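# Per-entry structural report
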Amino acid sequence: MWLEELYGQRLLRIELTEPWPTTGIASTVRQSLLAGAITLVFEQHAVRCTSPLRYSHCQKATVTTMFDTKPRDLGFRFTVLPTEDAESLPREWSLPRLSFSAATWLRTESSAPSAPPLLLQAGLGTASRTSTVRLHMLNAGWLELTYRPDLDGCIELAPPNVHQATPGDITVSSPDGAFGWLHPASRHPFVLDGQYWRTAHPSDWPWPLARELRSQQHGNEYRKRMKAALLARFQQHDHLQRRLLALGSRATVTAVPKGLIEEVAEQLRAEHPR
């Protein structure tokens, strides 16, 4: 049996690394959880799911044959380890994290939190080009762990048929929101023309340039300088470049001329053909 070492164990806690900005612990049951990494902490073991797009130089996911002897690509990294080992792993202190009890997340709108749910069985389902890990929890039904490359490489934990919709066009107005790393004010410093730039936002441009172009955001020179700044940032931060090249939606970003994000992505693809 697949994951049989977890059978009969209670799910104590859920930990999210880089949670999707809309993720919270609402009192309603059956909400979708999205994050760059999700750790399910059981009594004796923990399941750690991480996005290869977010955290790996090698874009390879876990492939398992334990369910039906056929190779199944999960799309994400899937690791089972003792709970004490999971708790002793170094934390990514620079990344936002959220931790809460499974009972709190699974409670209904009208009920108080119950005992932690117990794992009855596990299996694999199908989601687009990859497989979904399915967990059957006592008194909570089935939950699914799914890789969402369409949502910035997130891992999603949700009941069946309660998945976050694929976005159409993306609008980014803040570096703190969804896809905030596309915003020029995202704190990813870089070097351009021998100078250190804290961000690509015009407020952080070298002063003579900022003074000259700040009021000309629709001009050709502003577009040229913003493109140079964004290219330098993505070229010098590999993990951001991977996320940009995986982006499947058009993006409208505050302070970035229309179509420039796609233009930058196309130039990076040309520089690094597969």
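To be clear, the structure that these remarks concern was listed above.
Structure report, in brief. (Residues numbered from 1 in each chain as written. Predicted model: local features only at pLDDT ≥ 70, side-chain atom pairs only at ≥ 80, totals over all residues. Heavy atoms only, no water.)

### Digging into the packing of helix α5 (residues 220–235) against helix α7 (residues 260–271)
With their axes 10 Å apart at the nearest point, α5 and α7 run at an angle of 50° to one another. By the angle between their directions, the pair α5 and α7 is classed as oblique. Viewed along their axes, α5 and α7 form a crossing whose handedness is right-handed. Touching Arg223, Met226, Lys227, Leu230, Leu231, Phe234 and Gln235 of α5 are Leu260, Ile261, Glu263, Val264, Gln267, Leu268 and Glu271, all from α7. Broken down by class, the residue content of the contact of α5 with α7 amounts to eight nonpolar, two polar and four charged. (Axes fitted to C-alpha atoms, helices over the stretch in contact; angles between N-to-C directions. Helix = DSSP H or I, 4+ residues; strand = E, 2+ residues; numbered from the N terminus. Parallel < 35°, antiparallel > 145°, perpendicular 65-115°, else oblique. Left-handed = near helix turned anticlockwise from the far one by under 90°. Contact = heavy atoms within 4.5 Å. Nonpolar A, V, L, I, M, F, W, Y, C, P; charged D, E, K, R; others polar.)

### Looking at the packing of aromatic side chains
Using the criterion set out here, one finds six aromatic pairs in the structure. Counting every residue linked through ring pairs, the aromatic cluster contains Phe190, Trp197, Trp205 and Tyr222. Over the ring of Trp142 we find Arg134, and its NZ or CZ is 4.2 Å from the ring centre. It is Arg233 that lies over the ring of Phe234; its NZ or CZ is 5.0 Å from the centre. (Phe/Tyr/Trp six-rings, centres within 6.5 Å; stacked < 30°, edge-to-face > 60°. Lys NZ or Arg CZ within 6 Å of the ring centre and 35° of its normal.)

### Examining the nonpolar core
Counting 35 residues, the largest nonpolar core has Phe179, Leu182, Leu230, Phe234, Leu244, Ile261 and Val264 as its most contacted members. The leading source of residues in this core is α5, at seven residues. Filtering out sequence-adjacent residues up to four positions away, Val264 remains in contact with Lys227, Leu230, Leu231, Phe234 and Leu244. Counting residues in hydrophobic clusters, the runner-up holds 32 residues, among them Leu16, Phe78, Val133 and Ile155. (Core = buried A, V, L, I, M, F, W, Y, C linked by side-chain atoms within 4.5 Å. Buried < 20%, exposed > 50% of the residue type's maximum accessible area, 1.4 Å probe, protein only.)

### Regarding the environment of Ser249
Positionally, Ser249 belongs in the loop between α6 (238–246) and β15 (251–253). Each C-alpha atom, one on Ser249 and one on Leu151, is 9.7 Å from the other, the two residues being 98 residues apart in sequence. Polar side-chain contacts of Ser249 include one of 3.0 Å to the backbone oxygen of Gly168. (Polar contact = N/O pair within 3.5 Å; in protein donor to acceptor, adjacent residues only side chain to side chain.)

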